[in-house]
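Fold and geometry: a report
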Amino acid sequence: YEYRQFLLADLLTLKKYEAAGEVCREMAARRPNDADPLIRMGLAYEAQAEQETDGAKQRAALLKAQTAFQEAGQRDPRSAKVRNNLGTV
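Procedures and definitions
Chains are numbered independently. Their residues run from 1 in the order of the written sequence. Side-chain atom pairs in this predicted model are given and counted only at pLDDT of 80 or more, local residue features only at pLDDT of at least 70, and totals for whole chains, interfaces and linings cover all residues. Note that the side-chain values use all heavy atoms of the structure and ignore hydrogens as well as water. Grouping buried Ala, Val, Leu, Ile, Met, Phe, Trp, Tyr and Cys residues that are joined through side-chain atoms within 4.5 Å yields what is termed a nonpolar core. Throughout this description, buried means an accessible area under 20% of the type-specific maximum (1.4 Å probe, protein chains only), exposed means over 50%, and partly exposed covers the range between. Numbered from the N terminus, helices here are DSSP runs of H or I no shorter than four residues, and strands are runs of E no shorter than two. For this analysis, residues touch if any pair of their heavy atoms sits within 4.5 Å. Side-chain rings of Phe, Tyr and Trp (the six-membered ring for Trp) are treated as a pair once their centres are within 6.5 Å; stacked means planes under 30 degrees apart, edge-to-face means over 60, and tilted covers the remaining angles. We call a charge positioned above a ring when the Lys NZ or Arg CZ atom is no farther than 6 Å from the ring centre and deviates by at most 35 degrees from the ring normal.

1. Re the nonpolar core
Judged by nonpolar contacts, the single largest core of 19 residues is most densely connected at Leu 8, Ile 39, Met 41 and Ala 72. Mapped onto this core, the elements with two or more residues apiece are α1 (2-13), α2 (17-30), α3 (36-51) and α4 (55-75). Apart from residues no more than four positions distant in its own chain, Met 41 is found in contact with Gly 21, Cys 24, Arg 25 and Ala 68.

2. Structural notes on the packing of aromatic side chains
Under the counting rule described, the total for this entry stands at 0 aromatic pairs. One Lys or Arg, Arg 31, reaches over the ring of Tyr 1 and ends 3.6 Å from the middle of that ring.

What follows is the structure, given as structure tokens:
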């Protein structure tokens, strides 16, 4: 799990958002009750949306971010971090 956290940080630095999303999915599978991997996935897709110039691609990335935050909210309904990120999307 920790290895994937470091890999995720590097992928985000390199702006490899789809690969970062896959790493987050792996992290979420390893810790099925933890909302943090899904929050990280949502943040990765949100960062991708900020980099997009095409409106359709930007909306698609934001939809992926919203979905990840919603799934995180199902894992931890009381998380202020989840609600805040979902609100920004």
